[in-house]
Each structure stands twice: as C-alpha cells, then as structure tokens.
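# Survey of secondary and tertiary structure
Each chain, letter by letter, is given below.
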Amino acid sequence: MAGNAVTATILLPAYNEEDALPSVLADLAGVVHDDWEILVVDDGSTDRTAEIAAAHSCRLVRHGTNLGKGAAMQTGFAYARGERVVVMDADATYPASAIPRILALLEDNNLVRCVRERGKDDMPAVNRIGNKVFDRLLSAAHGLEGVDQLSGLYGIRRDVYLRLNIESQGFDVEAELWVKAHANKLKATSFPIAYQPRLGDKKLRPVRDGFRILSRMIILLIIYNPLGVFVVPGVLILCLSLGGAIALSGGTVETPYFGLAVNSFIVAALGTLAGLQLVIFGIAAALFGVEVGYRPPGWLVALSSRRVRLSFAAGGALVAAGAGVEAAVLIGGWLLRGAGAFDQTRTVVLSCTAFVFGLEVFAAALFLSIFAGRLQQRRNLERLNVIDLAEVDPGEPAELGATPAGR
C-alpha cells in the first residue's frame, strides 16, 4: 500500500504480548479497510511479540529496550501514516469491532474515547477501584467529565497528538492526554464498549504505575491551575499573616487561653513572605506552562501588562528602599549607643520583613518582564483564533532508539 494512500493507523503498543497479539491481529484483519494500516510498536519485548507482528500484514517498529507505553505511543505517532490514529492495547481486552466507529467519529472530533461499561468483572478488582479513584480525581482536580478516563482504546487525530506535546513515558499517558485535551478545549466524544478477558500477563503494576499516574496528575494540576494551587492560597496566607503582624505590632495580645507576644509577631511577619513566595511560585508555574505551549491564563496576561509590571516594580523598589533605610537607622543607632539592651525588636523585624518583601516584588516584576512579550503575543494570536500549540517535530524519534522493521 502506498504511504500517501493511508488514511488511518491502528497503533498497538506491545510489550511481551505473544499470547494476545495473534488474536488481536486476527480480529483487526476482519475490520481493517484497504486505506488503513496496522502499526505495532514492540517496546523491547523479550518474547515472540516482534516475530508474530512481522509475520502478519502490519508494520513493525521496535525499541531496543522497554521504555514504557507512553514512549511506545510517541514512536507510533512519529511513524504513523494515517491522519486518524486509533490507540489500542495489544492484550485482547478491547473489541476491534469498535474501531470503524472510532474512525468515523474522528471526522468531526479531535478525540474519541471508548468507555468500558460491560465486562468489567474481567478486570482485576484493584484496577477497577483504581480507575474509579482516578476518574474522581481527574474530575475534581481538572474538571474532566465522564468516566473511564484511563481507557486503553481511543482515537485521536495525529496532528492533535503531536501538538499536545505529550511527555509521559508510562501508563500515565492517558491521564496527560485527556487533561491537556480538556485544557485546550478540544472537541471529544465517547461511546460504550464491552471489556474482554485479558490474554497473557498484565503489565500494569498497581502501586508503581498508580503512583506515576497520580504524580502526573499533580504536575498537570500545578501547571494548569497554578492560580488555585498557589496564587490564591498564597494571597490568603499573606493577608492573614499581615493582619496578625499588624495586630501584634503594638504589643502582646492576650486571649482567654494564651498570650501572643513577640515570637508570634515574628512568625506572622515571616508568614507574609511565605505567602508571597507561593504567589511567585504560582506565577512561575504558569509561565512554564506557557513556554511549553499551554494557553496563557487571563490573570497571567493581566499581570504581564506593562502598567502592572511597572507599578509592582516601582512599588517594590520603594518599599524595599524605605524599609532598608529604616532598618539601617534603627540598627545603626543601637550600635552607636553602645549595643546595649534592644527594645525595638518589633520595629526592626517589621522593617526587615518589608525590605525583603519589597525586593521579592521588584524581582518578580523583572522576572515577569522577561516573558511579557511572549505572553502578549500568544494572547493576541488567541484572540485572532490562530493560536497553535507547541510545535512538535514529527520526524523519526531517533532519541528513543526505535528502528523500523517488518512490512
């Protein structure tokens, strides 16, 4: 079949699937059209997986070592000839009969996910529980709708996958894929399928791979929602700490159970710096997301405007200069008086805190200025509806150690 005649690719990431692969390929042979291709990515198998694939009417790409499902998918999409790609686990648990419908739905959608609604009794109990837990977490943390977000049978347009810049190397790939698709407002749909008994040994390790999926979700939450994770909590801590420092600046505050003295004042003053650090970290996380191709959030674009940046830089510089002078006068006067008993602890702590606070605000404004041009440019492109995601070179993945083989 000529390469330019291929309209769809059925991608099978496979690792030690010699028991299931013959059945999977036989089922696929009954549904594959002339302008579709089957692409098997052998992820460093130590059994007859590659030999079986090479004996069938499919293309074979091999990894020298086992790199993980996500890595196998990266290789598969780099080698795929079809613009519509169906990803399917090679363990015989998913029905090949669903593929024609997936490809038909990809005509009007960017992604299509198959939801395992029947046959779940054939899934290990720990996997069923894990899927439910991750569905709830993905819904709560990222706003994903529907269930079975970690399904191993789905379709996606090749150009969309490449633009999403998927980084996951293991079983966390589906979590990253659907979170990024949702964040970029891609058009997606789903339909139910029947889950089938597995042939061969399972490859997913519940503890190890569950931790990897959870870690990926947390990383994506930091990048996609730094406002809720860092900025808002940081502002709350800053305000509460600042209020406490002001209340304690006049002296000890007595309560029915305990007294808050100078030590509490120092803790409150330091709390303002901790809150500011969280805000700055949230800004840095959002900037990182933009640098790797995510859409810039509106609040970040607003902060990056020239007027806001200059205001914060000027304000921070003035606060730092004023507080620095005051702290220097207080400490210098104390030294000139012979460095005896010091009775202005609160004032010095407040001045030093304000000095550091002003410096951090000034530095944050300068840091934001480095990325301001890129932020505004991406925002303008988005308004013109021509914004694109990070460009990804669709060339051969030499860094993955993949070599073409087979037919």
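Cut-offs used in this document
- Residues numbered from 1 in each chain as written.
- Predicted model: local features only at pLDDT ≥ 70, side-chain atom pairs only at ≥ 80, totals over all residues.
- Heavy atoms only, no water.
- Buried < 20%, exposed > 50% of the residue type's maximum accessible area, 1.4 Å probe, protein only.
- Helix = DSSP H or I, 4+ residues; strand = E, 2+ residues; numbered from the N terminus.
- Arc of directions from axis to C-beta.
- Contact = heavy atoms within 4.5 Å.
- Phe/Tyr/Trp six-rings, centres within 6.5 Å; stacked < 30°, edge-to-face > 60°.
- Lys NZ or Arg CZ within 6 Å of the ring centre and 35° of its normal.
- Axes fitted to C-alpha atoms, helices over the stretch in contact; angles between N-to-C directions.
- Parallel < 35°, antiparallel > 145°, perpendicular 65-115°, else oblique.
- Left-handed = near helix turned anticlockwise from the far one by under 90°.
- Nonpolar A, V, L, I, M, F, W, Y, C, P; charged D, E, K, R; others polar.
- Salt bridge = Lys/Arg side-chain N within 4 Å of Asp/Glu carboxyl O.
- Right-handed = clockwise from strand over helix to strand, strands pointing away.
- Pairing = 2+ DSSP bridges.
- pLDDT = per-residue confidence, 0-100.

## Regarding helix α1 (residues 21-29)
Within the sequence span of α1, burial applies to Leu21, Val24, Leu25 and Leu28. Here the buried residues of α1 occupy an arc of 95° about the axis, which is enough to place them on one side. Considering only its buried residues, α1 is in contact with β1 (8-14), β2 (36-43), α2 (49-54), β4 (84-88) and α4 (99-105).

## Describing the packing of aromatic side chains
Per the stated rule, a full pass over the model turns up four aromatic pairs. Between Phe77 and Tyr161, the aromatic rings sit 3.7 Å apart at their centres with planes inclined by 10°, giving stacked as the arrangement. Linking Phe77 in helix α3 (residues 69-79) with Tyr161 in helix α6 (residues 158-164), this pair joins segments that are 84 residues apart in sequence. With respect to class, Phe77 is no different from Tyr161; both count as buried. Here the aromatic rings of Tyr94 and Tyr195 are separated by 5.7 Å at their centres, their planes lie at 85°, and the arrangement is edge-to-face. In this pair, Tyr94 sits in the loop between β4 and α4 while Tyr195 sits in the loop between β7 (188-194) and α8 (206-224), placing the two residues 101 residues apart along the sequence. Here Tyr94 and Tyr195 have matching classes, each one buried. In this structure, Arg113 packs its charged tip against the face of Trp178, placed 4.9 Å from the ring centre.

## Quick word on the environment of Leu300
Structurally, Leu300 is set in helix α11 (residues 298-303). Taking C-alpha positions, Leu300 is 9.9 Å from Val290, a pair spaced ten residues apart along the chain. Contact partners of Leu300, with chain neighbours within four places excluded, come to Ile283, Ala286, Leu287, Val290, Leu368 and Leu375.

## Some points on the packing of helix α9 (residues 226-248) against helix α10 (residues 262-291)
At a minimum axis separation of 7 Å, α9 and α10 run at an interaxial angle of 160°. What the angle tells us is that α9 and α10 run roughly antiparallel. For the pair α9 and α10, the sense of crossing is left-handed. Among the residues forming the contact of α9 with α10, the class breakdown is 19 nonpolar, eight polar and no charged.

## Brief notes about the pattern of salt bridges
Here the structure, examined in full by the defined rule, presents nine salt bridges. Salt bridges linked by common partners bring Glu37, Arg59 and Arg81 together as one network.

## Brief notes about the pairing of β1
Among the seven residues of β1, seven are classified as buried, and the element is accordingly described as predominantly covered. The two faces of β1 match: Ala8, Ile10, Leu12 and Ala14 on one face and Thr9, Leu11 and Pro13 on the other face are all buried. With respect to chirality, the unit in which β1 leads through α1 into the neighbouring parallel β2 is right-handed. Sheet analysis places β1 next to β4, joined by four bridges and oriented parallel. Residue pairing in the sheet places Ala8 in a bridge with Arg84 of β4.

## Regarding the pairing of strand β3 (residues 59-63)
Here β3 lies mainly inside the structure; four of its five residues are buried. The sheet contact formed by β2 and β3 spans five bridges and is parallel. Residue pairing in the sheet places Leu39 in a bridge with Arg59 of β3. Considered for its hand, the β-α-β crossover made up of β2, α2 and β3 is right-handed.

## Concerning the confidence of the model for the chain
Per-residue confidence for the chain gives a mean pLDDT of 82; residues scoring 70 or more make up 83%. Long-range and interchain partners of residues 385-407, a stretch whose pLDDT sits below 50, account for 55 contacts in this model, where long-range means more than four residues apart.

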